[in-house]
Amino acid sequence: MTVTRAPAETLSVLDRPNSYIGKTVPRPNLDRLLQGRGQYVSDLELPRMAHVVFLRSPYAHARIVAIDADAARRMPGVMSIVTGRELEPVITPWVGVLSHLKGLKSAPQHAIAIDRVCWQGEAVAAIVATSRAAAEDAMEQIAVDYEELETVTDMRTALDPATPVIHTSLGDNLAFERTLDAGDVDQALSDSEVVEADFVFGRHTGVTLEPRAVVADWNAAEARLTIYQGTQAPHMVQNIAALHLGLSEAQVRVVCKDVGGSFGIKVHIYADEMATYALSKLLRRPIKFVADRVESFNTDIHARDHRCRGRIGVRPDGTITAFEIDDLTGIGPYSMYPRTSAIEANQVVNLVGGPYVTPNYRARTRVVFQNKNVMCQYRAVGHPIACSVTEGLVDLAAARIGMDPVEIRRRNLIPDDAYPCASPSGMKFEQLSHHASLAKLLQMMDYDALRAEQAALRARNIHRGIGIASFIEVTNPSAAFYGVGGAKISSQDGVAVRLDAQGSVICQTSITEQGQGSESLTAQIVGSVLGVSMERVRVILGDTDNTPYGGGTWASRGAGIGGEAALQAAKALRQNILDVAAAILQSTPGGLDIVNNSIVNAGDGASRIELSELARIVYFRPDTLPPGIQPELMATRHFVPRQYPFAFTNGVQASWLEVDTETGFVTLLKHWVVEDCGTIINPQLVDEQIRGGVVQGLGAALFEKCIYDERGQLTNANMADYLVPMSGEMPDIEIGHVVSPTQESELGAKGAGEAGTAGAAAAVANAVNDALRPFGATITEIPLTPQVILTALGRI
Amino acid sequence: MKAAAFAYARATSVVNALELLAAHGDKAKVLSGGQSLMPAMNLRLISPDILVDIGGLTELRGIAVRGDLLVVGALTRHVDLLRSPEIALHAPLLRDAVAHIAHPAIRNRGTIGGSLAHADPASELPACVVALDATIVVRGPTGERRIAATEFFRGIYETALSPDELLVAIEVPVAGQGSTFFFQEYARRHGDYAIVGLAARAVVATGRFTDLRLGFFAIGDRPLLAAAAGRLINASVTSALLADAATALADELDPQEDQQATAAMRRHLATVLLRRCVAALLVRPELEAGVAR
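None of the values given here were measured: they were computed from a predicted structure. (Residues numbered from 1 in each chain as written. Chains lettered and ligands numbered in written order. Predicted model: local features only at pLDDT ≥ 70, side-chain atom pairs only at ≥ 80, totals over all residues. Heavy atoms only, no water.)

Caption draft 1: Structural context of the overall build of chain B. On a plain count of helices and strands, chain B comes out with 11 helices and 14 strands. What you see for chain B is a C-alpha radius of gyration of 20 Å, in line with the 19 Å of a compact globule of 293 residues. The principal-axis extents of the C-alpha atoms in chain B amount to approximately 60 × 45 × 30 Å. Out of the 293 residues belonging to chain B, those deemed buried represent 53%. Total accessible area on chain B stands at roughly 12100 Å², and carbon and sulfur atoms take up 51% of it. (Helix = DSSP H or I, 4+ residues; strand = E, 2+ residues; numbered from the N terminus. Rg over C-alpha atoms; globule rule 2.2 N^0.38 Å. Buried < 20%, exposed > 50% of the residue type's maximum accessible area, 1.4 Å probe, protein only. Areas by Shrake-Rupley, 256 points an atom, 1.4 Å probe, with all protein chains shown as cover.)

Caption draft 2: Spatial organisation of helix H15 (residues 558–585) of chain A. Residues and elements named next belong to chain A. Here H15 contains 28 residues, and its C-alpha end-to-end distance of 38 Å stays within 8% of the 40 Å for a straight helix at 1.5 Å per residue. Burial runs high along H15: 21 of the 28 residues are buried. Positive phi appears at glutamine 586, one or two residues downstream of H15, with a value of about 55 degrees. (Expected span 1.5 Å × (residues − 1).)

Caption draft 3: Region of interest: the sheet that holds strand S8 (residues 174–182) of chain A. Residue and element names in this part refer to chain A. Spatially, S8-S18-S17-S16-S9-S32 is the arrangement adopted by the six strands of the open sheet, whose pairing is mixed. Strands at the two margins of the open sheet, each flanked by one partner only, are S8 and strand S32 (781–782). Bridging between S8 and strand S18 (residues 361–368) involves eight bridges; their strand directions are antiparallel. Bridge pairing in S18 links leucine 174 to valine 368. (Pairing = 2+ DSSP bridges.)

Caption draft 4: Geometry of the packing of helix H14 (residues 518–530) of chain A against H15(A). All names here are of chain A. Two elements in contact, H14 and H15, have axes whose closest approach is 8 Å; the angle formed by their N-to-C orientations is 30 degrees. With respect to H15, the axis of H14 lies roughly parallel. With respect to the hand of their crossing, H14 and H15 are arranged in right-handed fashion. Contacts between H14 and H15 pair Leu521, Thr522, Ile525, Val526, Val529 and Leu530 from the former with Ala559, Gly563, Ala566, Leu567, Ala570, Lys571, Leu573, Arg574 and Ile577 from the latter. (Axes fitted to C-alpha atoms, helices over the stretch in contact; angles between N-to-C directions. Parallel < 35°, antiparallel > 145°, perpendicular 65-115°, else oblique. Left-handed = near helix turned anticlockwise from the far one by under 90°. Contact = heavy atoms within 4.5 Å.)

Caption draft 5: Summary view of the domain arrangement of chain A. Residue and element names in this part refer to chain A. Taken as a whole, chain A is organised into domain 1 (2–38 + 492–639), domain 2 (41–149 + 211–259 + 265–299) and domain 3 (380–477 + 644–792). Computed over C-alpha atoms only, the centres of domain 2 and domain 3 are separated by 38 Å. Across the contact, nine residues belong to domain 2 and eight residues belong to domain 3. Both faces considered, domain 2 and domain 3 share a buried interface measuring about 770 Å² in area, 52% of it formed by carbon and sulfur atoms. Of all residues in domain 2, Ala60, Gln120 and Phe297 bury the most surface against domain 3, accounting for 62% of the area lost on that side. Summed over the shared surface of domain 2 and domain 3, the result is one salt bridge. (Domains from an automatic or database assignment. Buried area = accessible area lost by both parts, 1.4 Å probe. Salt bridge = Lys/Arg side-chain N within 4 Å of Asp/Glu carboxyl O.)

Caption draft 6: Summary view of the pairing of strand S13 (residues 252–255) of chain A. Relative to S13(A), strand S12 (residues 224–229) of chain A runs parallel, the two sharing four bridges. What sits directly across from A:Leu225, in S13(A), is A:Val252.

Caption draft 7: Here's a closer look at the pattern of salt bridges. Inspection of every chain in the model, using the stated rule, returns 69 salt bridges over all chains. Between A:Asp258 and A:Arg32 there is a salt bridge, with its nearest N and O atoms 2.6 Å apart. Taken as a pair, A:Asp258 in the loop between S13 and helix H7 (271–283) and A:Arg32 in helix H1 (residues 30–34) lie far apart in primary sequence, 226 residues in all. Overall, A:Arg32 belongs to the partly exposed group, its relative accessible area being 24%. Here B:Arg139 makes a salt bridge to B:Glu144, at a shortest N to O gap of 3.3 Å. In this structure B:Arg139 comes out as partly exposed when scored by relative accessible area, which is 27%. The class of B:Glu144 is partly exposed, set by a relative accessible area of 44%. Three or more residues are tied together by salt bridges with common partners; here these are A:Arg56, A:Arg132, A:Glu136, A:Asp137, A:Glu140, A:Arg212, A:Asp272, A:Glu273, A:Asp292, A:Glu295, A:Asp300 and B:Arg44.

Caption draft 8: Local environment of the domain arrangement of chain B. All names here are of chain B. Domain boundaries in chain B define domain 1 (7–53), domain 2 (58–173) and domain 3 (179–287). Each side of the interface is counted separately: domain 1 has 12 residues, and domain 2 has 16 residues. Interface of domain 1 and domain 2: buried area, both sides summed, is about 1100 Å²; carbon and sulfur atoms make up 71% of it. The largest contributions to the domain 1 side of the interface with domain 2 come from Val14, Leu18 and Gln35, which together make up 48% of the buried area.

Caption draft 9: Spotlight on the side chain of A:Thr340. Residue position: A:Thr340 is located in the loop between strand S17 (320–330) and helix H9 (343–351). In terms of polar contacts, A:Thr340 uses its side chain to reach the backbone amide nitrogen of A:Ala342, at 3.4 Å. (Polar contact = N/O pair within 3.5 Å; in protein donor to acceptor, adjacent residues only side chain to side chain.)

Caption draft 10: Here's a closer look at the nonpolar core. The biggest cluster of nonpolar side chains holds 169 residues, and the ones touching the most others in it are A:Leu87, A:Tyr277, A:Met445 and A:Ile468. Structurally, this core is a two-domain feature, drawing no fewer than three residues from each of domain 2 (41–149 + 211–259 + 265–299) and domain 3 (380–477 + 644–792) of chain A. (Core = buried A, V, L, I, M, F, W, Y, C linked by side-chain atoms within 4.5 Å.)

Caption draft 11: Broad picture of empty space enclosed by the protein. Enumeration over the complete set of coordinates arrives at eight cavities of 30 Å³ or more. In this structure, the largest cavity occupies an estimated 150 Å³ of space. Class assignment of the residues belonging to the lining of the largest cavity gives a composition of eight nonpolar, six polar and four charged. Considering only enclosed or pocket space, the second largest cavity measures out at about 120 Å³ in volume. Class assignment of the residues belonging to the lining of the second largest cavity gives a composition of nine nonpolar, three polar and four charged. (1 Å grid on protein atoms, 1.4 Å probe; cavity = no way out; pocket = protein on both sides within 12 Å on 5 of 7 lines; lining within 4 Å. Points joined across faces, edges and corners; volume = space filled by probe spheres on them. Nonpolar A, V, L, I, M, F, W, Y, C, P; charged D, E, K, R; others polar.)

This is the structure in structure tokens:
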């Protein structure tokens, strides 16, 4: 690990004796999960609970002429069959726009389609029955008369005058457009070598192990709706459900315990989930919806699917003079709710060229509607596209002028001592470490030796490639992400910590756990700051009735924002405890400390009184305390970043791979990542978070693609045909760190969740092109399938 | 994704299974390992009225050598083929092929009889039994019949089996002197259905093929025993001859196009496999280098 800043003069709360910060400690929830005691919504059973299945449109665009459910209603176990028209009085439609994304437009979307379906998979009726199987039996008996409408599928022609407009009220199929022009691109390009390429990114999705799942339970007696849902943002769900069901937020409780993977898939509000809330209210009983795998592929948000023309200017000395992009993406028929489907394109504009010093940058992105499943934010939103375009162009520029890919980066990456500074797109960087990261990466991979090995193998007709990709990563978002645009999505988080009567600690936090270790990092921070051992810290999360208000876990914010709130809450409780201890021990708070569950002398460390004894006195014998003391053994603190809109992090990845130039198959041999996420709370969790992210990026690079035909049919909506990356094809992934803590918080932690996904595909694509360089082939399209590679090589 | 309701009968003997099949005809499906049948039922691609579970019929399990035949019971699981010393000795091609079939959980349940009767054109074992010149033993209401593997596969999921017949065993000629085998497939991920695959058996004497059977799979509606192999038998294999054979192979293939590969890509990969197979079987790496690797 390389630390770019000298440690502070005085010890911080993070450096206390027996600190858990920076240590790989086992996750406190491991035994519970391994013994099958996880609380997943998919497993939840409630009394009188019914199951809903949605009949989904087989057409990408069609008018619903008639729905005949008479036969289905007579099937065994069927309780109700509800159409969009019948559900309309219970839940209002929504429009997925935000005011800070100027010009973004979308059409009203209903929980269940009324009159018209706009993608294959949109729900047209809900079948509620005693079991999922009974509902599926009944579903086969429903006859829907559709009148097929012309479909819009190709984003490239979506704006042509001859193409039908999906929502006539909007006037055209353009959802959003943004342009940016910084510096003087024309001037810069006019005296440079200009290299350009079209980058194509496949549409893919998140594929969580546990599908989307919700149980909605309307309690008419209390006039309260309890929603059990695998989500990343319980308070956002509470707000949206209340808004559209005509309830106050106090009438909605959202419970979200264990979640089987999210990756951004579960940070949105889906129409079928809204329908499930409404059905519970309509039918006055608990209703369960669990997406099956085919539904997941057809309705979980998709992502990427960009076509981006990129240009780069370079001088013979390697100076990069400008970047220019023209980006296009198709998002399906609606902008997703409530975060909108313009964020990914917006991020692409924000991030291209971000690691480099050139001030000249021009960009345009256009977001168009089409009759395919909705697209929205999936892990590393926009980053893989921006990184692949930027790093692909940098490698092409290096090749044009005959410079080593490492050397051109050395000459153009923002110097490590240039901070704070801003990018041409206005992104503010507090402290990045591109050069320290690159240096560490080269050392880890032994770059020069690898180049020598590559050359030696070429002589034996074995073609291996090295690909490098530097990246920047958006983490710890402030209100700049959603709040300023009018979305009621909190950017702050809260933590409440209290000492119980036996000296244990109960901690309630508004961040959520989807497998990345939120419980662990919270317990590590609270235990360290308080001086209490981790097994005494119990973390409660995922319940809007029982945690502070907050954003949840997404956009790499849990550790940086929720972690800082935990630190500040624990500090406050610690002070409260020391105040009481000083009164009991006739000492001063400054003369005492808490170490290993005991109050000790700050000076000599001698043990004075156990925390359990202090708690006993406070709770049961307050009469023995000095007069006037009112102990407060609970503290709550909230935190939101105020200084920077985002805590940018940075890193660099490298891929080493072999291309079989006869078959087009790629074998990944090794992958390296150096990342700078500031303070590392749990090294193992950070490294595994990065590895998981890399694997999802490698999936995009080589395997994953939602394949639509020209009629808007998704043709590979199953786990046999949609190829997720699997362990057999994955290389060893070595992780290194540079540590530049953010000064915005005492904790200093930035996010690490996007890093792996941000740069993995770019590194692989650059490595494949490096391997193919003797053949004169350049590929700027992912996934890099054998078909694509053989075609580029002219073999087929 | 829940299967439609169905009846279930666990057969107590082969005779009992045949009675059940006779009674229900094509409304019944035989359940062996269930690794293809159950997903298809859960997706409601098929909805049989009744499943006849033959899983308890121990008489259909096991691997035995009888004279110069290796007899493999229909219920023999993939994992059994992988671990069997008899298979390793007499038909190592099956062992090599099984390593490419899906993943351990599936190999622990899937059976050779189920795979052959299912007749997925992209699966490994049908091509192996064709390359091995095996015989498929089936039993029906009128008794037992033996079908050459080359005659057994009739199309996508279609075989010479009647709805009232049960596949009971596979007879494989044991590997003789000079026998050598090659198995390779190209799949996007390990364990996926192949884009193109080749199961080959050869007899090599003094650097020449005296026999060569090339069973290609995933290149048509059934495994294909390539006629092009004939050009390489009893001949001095040169790069030029191998190129001729590759051209002949490309001509005799009529591959389908799907999401993974165009017909042209399948033809190309089949010829790559041919070259690599011949180079490996004759232990002459230079034959492979016809085209840059």
